[in-house]
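Residue-level listing of the chains:
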Amino acid sequence: MSLSEFIFGLVVYIGVAAVVLIIRNRKFNKLANNNTQLFERIDFYKKKWIRKNLVKIIIGVVISLIVYIIGFFYNIIWVFQLGGCLLIGILNGLHYDMMVYVEEKAFNGKGKEE
């Protein structure tokens, strides 16, 4: 496996993770369609959650990148692919946790405004 394949694979996995997160964000932001106060609350709680859980995000990304790099250096394709899948899975799991937190805080937990 060459270095260009490694970089291409990493870019693809990061791109897929980014697209999934962007799609999820758009779906959630549609809830606050014309209500700027609600949109500001959602944005505030997203940023607050990210500040509180930044270490989790960094550790998850580092672990997946370590697995990805190990697969590259030992030329084991399935480990290489597992690293990319871990990256997507960890980021999606953390995004889900963030959206649950935001929904509990920005809404009454029932999907209605406070």
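Residues numbered from 1 in each chain as written. Predicted model: local features only at pLDDT ≥ 70, side-chain atom pairs only at ≥ 80, totals over all residues. Heavy atoms only, no water.

## Some details on the overall build of the protein chain
- In terms of regular secondary structure, the protein chain is built from four helices and zero strands.
- Along the protein chain, helices (α) and strands (β) appear in the sequence α-α-α-α when read from the amino end.
- Out of the 114 residues in the protein chain, the part that is buried amounts to 32%.
- Pairs at least 24 residues apart make up 68% of the contacts formed inside the protein chain by residues separated by at least 6 positions.
- Element-wise, carbon and sulfur atoms account for 66% of the exposed surface of the protein chain, whose accessible area totals about 7600 Å². (Helix = DSSP H or I, 4+ residues; strand = E, 2+ residues; numbered from the N terminus. Buried < 20%, exposed > 50% of the residue type's maximum accessible area, 1.4 Å probe, protein only. Contact = heavy atoms within 4.5 Å. Areas by Shrake-Rupley, 256 points an atom, 1.4 Å probe, with all protein chains shown as cover.)

## Some remarks on a nonpolar patch on the surface
- Among the surface-exposed residues, Ile50, Leu54, Ile58, Val62, Ile66, Ile69, Ile70, Phe73, Tyr74, Ile76, Trp78 and Leu82 lie close enough to one another that they form a single nonpolar patch of about 1200 Å² accessible area.
- Elements with a contribution of two residues or more to the nonpolar patch: α3 (54-73) and α4 (77-106).
- In terms of residue count, the dominant contributor to the nonpolar patch is α3 (seven residues). (Patch = residues over 30% accessible without salt bridge, like charges linked within 9 Å, V, L, I, M, F, W, Y side chains within 5 Å. Salt bridge = Lys/Arg side-chain N within 4 Å of Asp/Glu carboxyl O.)

## Quick word on the packing of aromatic side chains
- Within this structure, the stated rule accounts for three aromatic pairs.
- Here a set of aromatic residues connected by ring pairs shows up, and it is made of Phe44, Tyr45 and Tyr101. (Phe/Tyr/Trp six-rings, centres within 6.5 Å; stacked < 30°, edge-to-face > 60°.)

## Some points on α3
- Its 20 residues place the ends of α3 28 Å apart at the C-alpha level, agreeing with the 28 Å of an ideal helix rising 1.5 Å per residue.
- Of the positions making up α3, those classed as buried are Ile57, Gly60, Ser64, Val67, Tyr68, Gly71 and Phe72. Buried residues of α3, viewed axially, fall in a sector of 145°; they line one side. Turned more than 90 degrees away from the buried face of α3 sit Val55 and Phe73, all of them exposed.
- Among the residues trailing α3, Asn75 stands out with phi positive, at a value near 55°. (Expected span 1.5 Å × (residues − 1). Arc of directions from axis to C-beta.)

## Details of the environment of Phe80
- Residue placement: Phe80 occurs in helix α4.
- Taking the relative accessible area as the measure of exposure, Phe80 reaches 8% and is therefore buried.
- In this structure, the C-alpha to C-alpha distance between Phe80 and Ile69, residues 11 residues apart in sequence, is 7.0 Å.

## With respect to the pattern of salt bridges
- In this structure the tally under the stated criterion is one salt bridge.
- Put simply, Asp43 and Lys47 hold a salt bridge, and the shortest N to O gap is 3.3 Å. Of this pair, Asp43 and Lys47 both sit in helix α2 (residues 36-52), four residues apart, which is roughly one turn of that helix.
- Exposure remark for Lys47: the relative accessible area of 48% places this residue in the partly exposed category.

## Section: the packing of α2 against α4
- One can describe the packing of α2 onto α4 by two numbers: an axis separation of 9 Å at closest approach and a directional angle of 130°. When the axes of α2 and α4 are compared, the pair comes out oblique. α2 and α4 meet at a crossing whose hand is right-handed. Here α2 contributes Leu38, Arg41, Ile42, Tyr45, Lys46, Lys48, Trp49, Ile50 and Lys52 to the contact with α4, which in turn contributes Leu94, Asp97, Met98, Met99, Tyr101, Val102, Lys105 and Ala106.
- When the residues that make up the contact of α2 with α4 are grouped by side-chain class, the tally is 11 nonpolar, no polar and six charged. (Axes fitted to C-alpha atoms, helices over the stretch in contact; angles between N-to-C directions. Parallel < 35°, antiparallel > 145°, perpendicular 65-115°, else oblique. Left-handed = near helix turned anticlockwise from the far one by under 90°. Nonpolar A, V, L, I, M, F, W, Y, C, P; charged D, E, K, R; others polar.)

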